[in-house]
Amino acid sequence: MYDSIVVGSGIAGSTAARKLAEHGNRKVLVIEKRNHVGGNCYDCLDEHGIMIHKYGPHIFHTGIKEVYDFLSRFTTWTEFRHEVVAKVGKQLLPVPFNLNTLSMVFTKDVAKKLEEKLIDIYGYGNKVPIMELRKNKDEEVRSIAEFVYENIFLKYTMKQWGQTPEEISPEVTGRVPISISHDNGYFTDPYQGVPDDGFSAMFHRMLDHPNITVLLGTDAKKRLKLEKQQIFWNGTLFTGEIIYTGAVDELFDVCFGRLPYRSLDFKFEHYGEPSYQDRSVVNYTVSEDFTRITEFKFLTRQKKTNGTTIVKEYPFAYGAKEGEIPYYAILNDENRALYERYRELANAYPQFYLLGRLAEYQYYNIDAMTKKALDLAVDIIEEKNQ
Ligand code: FAD
Ligand code: UDP
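Here is what the cut-offs are and how they apply
Residues numbered from 1 in each chain as written. Chains lettered and ligands numbered in written order. Predicted model: local features only at pLDDT ≥ 70, side-chain atom pairs only at ≥ 80, totals over all residues. Heavy atoms only, no water. Near = heavy atom within 4 Å. Polar contact = N/O pair within 3.5 Å; in protein donor to acceptor, adjacent residues only side chain to side chain. Areas by Shrake-Rupley, 256 points an atom, 1.4 Å probe, with all protein chains shown as cover. Helix = DSSP H or I, 4+ residues; strand = E, 2+ residues; numbered from the N terminus. Nonpolar A, V, L, I, M, F, W, Y, C, P; charged D, E, K, R; others polar. Phe/Tyr/Trp six-rings, centres within 6.5 Å; stacked < 30°, edge-to-face > 60°. Buried < 20%, exposed > 50% of the residue type's maximum accessible area, 1.4 Å probe, protein only. Arc of directions from axis to C-beta. Contact = heavy atoms within 4.5 Å. Pairing = 2+ DSSP bridges. Axes fitted to C-alpha atoms, helices over the stretch in contact; angles between N-to-C directions. Salt bridge = Lys/Arg side-chain N within 4 Å of Asp/Glu carboxyl O. Parallel < 35°, antiparallel > 145°, perpendicular 65-115°, else oblique. Left-handed = near helix turned anticlockwise from the far one by under 90°.

**Quick notes on the site of ligand 2**
Line of reasoning, step 1. Ile152, Thr157, Trp161, Arg175 and Tyr186 are the nearest of the 17 residues found near ligand 2.
Line of reasoning, step 2. Phe153 is positioned with one of its backbone polar atoms (N or O) 3.3 Å from an oxygen atom of ligand 2.
Line of reasoning, step 3. At 2.4 Å, a side-chain N or O of Tyr186 approaches an oxygen atom of ligand 2.
Line of reasoning, step 4. Within the complex, 94% of the 520 Å² of free accessible area of ligand 2 lies under protein.
Line of reasoning, step 5. For the shell around ligand 2, the element with the most residues is helix α6 (residues 139-161), which contributes six residues.
Line of reasoning, step 6. When its residues are assigned to classes, the shell around ligand 2 shows ten nonpolar, five polar and two charged.

**Comments concerning the packing of aromatic side chains**
Line of reasoning, step 1. The tally for this structure, following the rule as stated, stands at 20 aromatic pairs.
Line of reasoning, step 2. Seen from their ring centres, Phe106 and Phe147 are 6.0 Å apart, and the 55 degrees between their planes marks the pair as tilted. Of this pair, Phe106 sits in the loop between α3 (99-105) and α4 (108-122) while Phe147 sits in helix α6, and the two are 41 residues apart along the sequence.
Line of reasoning, step 3. Considering the side-chain rings of Tyr186 and Phe187, the 5.3 Å spacing of their centres and the 80 degrees angle between planes classify their relative orientation as edge-to-face.
Line of reasoning, step 4. On the basis of relative accessibility, which here comes to 23%, the residue Tyr186 falls in the partly exposed class.
Line of reasoning, step 5. Taken together through their ring pairs, the aromatic side chains of Phe60, Tyr68, Trp77 and Tyr191 make up a single cluster.

**Quick notes on helix α2 (residues 65-72)**
Line of reasoning, step 1. For α2, every residue scored as buried is listed here: Val67, Tyr68, Phe70 and Leu71. Down the axis of α2, the buried side of the element spans an arc of 165 degrees, and every buried residue falls inside it.
Line of reasoning, step 2. Looking at the buried residues of α2, the elements they touch are α1 (11-23), β5 (60-62), β6 (77-79), β11 (191-195), α8 (199-207) and α12 (366-385).

**What about the sheet that holds strand β22 (residues 352-354)?**
Line of reasoning, step 1. Read across the open sheet, the five strands follow the order β12-β2-β1-β16-β22; overall the sheet is parallel. Among the strands making up the open sheet, the edge pair consists of β12 (212-215) and β22. Strand-to-strand twist of the sheet, defined as the mean angle between neighbouring strand axes without regard to direction, takes the value 15 degrees.
Line of reasoning, step 2. Here strand β16 (residues 241-244) pairs with β22 via three bridges, running parallel. Looking at β22, one finds that Tyr244 is bridged to Leu354.
Line of reasoning, step 3. Sitting on the sheet, α12 touches β16 and β22, and the angle it makes with β16 is about 170 degrees.

**Brief notes about the side chain of Glu313**
Line of reasoning, step 1. With respect to the secondary-structure elements, Glu313 resides in strand β20 (residues 308-317).
Line of reasoning, step 2. Looking at Glu313, its side chain comes within polar contact range of the side chain of Arg292, at 2.7 Å.
Line of reasoning, step 3. Apart from the residues lying within four places of it in its own chain, the contact partners of Glu313 are Pro57, Leu264, Asp265, Phe266, Phe290, Thr291, Arg292 and Thr294.

**Here's the deal with the pattern of salt bridges**
Line of reasoning, step 1. A full pass over the atoms with the stated rule returns 24 salt bridges.
Line of reasoning, step 2. Among the ionic pairs, Glu140 bridges to Lys113, the shortest N-O distance being 2.8 Å. On the criterion of sequence distance, the pair formed by Glu140 in helix α6 and Lys113 in helix α4 is long-range, its members being 27 residues apart.
Line of reasoning, step 3. Across the salt bridge formed by Lys384 and Glu241, the nearest N and O atoms sit 3.3 Å from each other. With Lys384 in helix α12 and Glu241 in strand β16, the pair connects residues that are 143 residues apart, well separated along the chain.
Line of reasoning, step 4. Using a relative accessible area of 41% as the deciding quantity, one classes Lys384 as partly exposed.
Line of reasoning, step 5. It is possible to trace a salt-bridge network through shared partners that takes in Lys113, Lys117, Asp138 and Glu140.

**Some thoughts on the site of ligand 1**
Line of reasoning, step 1. The full set close to ligand 1 counts 32 residues, and Glu32, His58, Ile59, Tyr364 and Ile366 are the nearest of them.
Line of reasoning, step 2. One of the backbone N or O atoms of Ala12 is found 3.0 Å from an oxygen atom in ligand 1.
Line of reasoning, step 3. Backbone polar atom of Ile366 to an oxygen atom of ligand 1: 2.7 Å apart, as the coordinates give it.
Line of reasoning, step 4. For ligand 1, whose accessible area on its own is 990 Å², the fraction buried by protein is 97%.
Line of reasoning, step 5. Secondary structure elements with two or more residues in the shell around ligand 1: α1 and α12.
Line of reasoning, step 6. Here the residues of the shell around ligand 1 sort into 15 nonpolar, eleven polar and six charged.

**Considering the packing of α1 against α8**
Line of reasoning, step 1. Orientation of α1 relative to α8, taken along the N-to-C sense of each, is 30 degrees, at an axis distance of 9 Å. By the angle between their axes, α1 is roughly parallel relative to α8. The two elements α1 and α8 cross, and the hand of that crossing is left-handed. Taken together, the residues of α8 that come into contact with α1 (itself represented by Ile11, Ser14, Thr15, Ala17 and Arg18) are Met202, Phe203, Arg205, Met206 and Leu207.
Line of reasoning, step 2. Split by residue class, the contact of α1 with α8 holds six nonpolar, two polar and two charged.

**What about the sheet that holds β11?**
Line of reasoning, step 1. Within the open sheet, the three strands sit side by side as β5-β11-β6. Their pairing is antiparallel. One side of each edge strand has no neighbouring strand; the edge strands of this open sheet are β5 and β6. Each strand axis lies, on average, 35 degrees off the axis of its neighbour in the sheet, ignoring direction.
Line of reasoning, step 2. Examined bridge by bridge, β5 and β11 share three bridges and lie antiparallel to one another.

By themselves these figures say nothing about function.
And the structure:
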């Protein structure tokens, strides 16, 4: 009945499904265990009529025009440049740390001298990961690095990962490098913003295609069996392709042990005032147990709201308990090696594809995920056409 089965309706699954259905003319079943589509990008109105992001604040940003054009078929955008501040004592400091931040934490003369030095060493407009800045031979540069390390990275990273910046993979803190510029933007991508009427509406349009059937509230685990190089769907041999975007360890009954993840507890609060913090995101980099507060109306740019809703993010170690969601893969050699063992099991099934942040045990932004899903679908279509 179906040519392809896609497990999961996040950005990975929904993009792949649309492409297979539309350009491959394949009949696609999308199976989703939650009662909604969109994966972690899902948004909805809360009981006060305020648009919230249930699984954490999401901003679309990309430099990949193909991705922007693809998603723009399913939504128009409220475009803006995202900015973040860190609350350090009484100050709100621009993050990523940049030359504006420098002038706020050092006296005028010192800041000017340090600015010249940073520009001289790294060049205006460039970016330096904190772990690299800390290794600079110049003592004054290292003193800036120490300030940034202590006040921006150390405690936030301890909260987020339960480990110090030295202990986690350098690519993680490298996502927020020190910027040798006066740009307060959190991202540098030319396209930034949120879908005008929300991410969920965008996903509904993407999945609205005569060749796509969506089945919600159904765990693929109950229907899918991988056995002796053959795939069974509902007990019947399935010879089409399966794109699987769920957790790979669970697919194989965690036979080699669980892949470690960090999870988040989102605490939503509503206030009957026009604003809580006057901006979208404040990172708490030296105090509090939560990492950041997002005030949704400044993120979604929703007009005419009654009051305001915020969310605080409390990280914790994922324990696979009822209701817990694995959000962030903990990338290190040991965990990657464990993942590889699972991947090898999946590789025994040539028409079975692992795609997405869970199935690939990787961190992906929405745009990189969309691109990967588009490419995979094209590969599958081309293979079928040969
Ligand atoms: P998911 O969105 O997790 O989708 C997977 C889907 O598969 C889920 O709906 C799940 O229910 C379903 N599923 C899993 N197992 C099964 C099963 N057995 N049967 C049926 N269904 C199943 N990226 C950005 O670009 N910008 C941001 O601002 C941003 N903010 C983020 C904030 C947070 C807190 C987090 C954690 C991530 C953020 N991201 C952001 C990353 C973004 O969430 C991911 O790129 C994106 O969600 C990956 O999509 P996915 O389809 O791989 O996974
Ligand atoms: N980070 C930090 N302080 C900040 C912002 C980020 O220490 O104010 C570190 C932290 O380790 C975080 C990583 O940089 O996990 C990547 O930050 P990013 O904002 O990309 O995280 P995400 O979007 O995944 O929450």
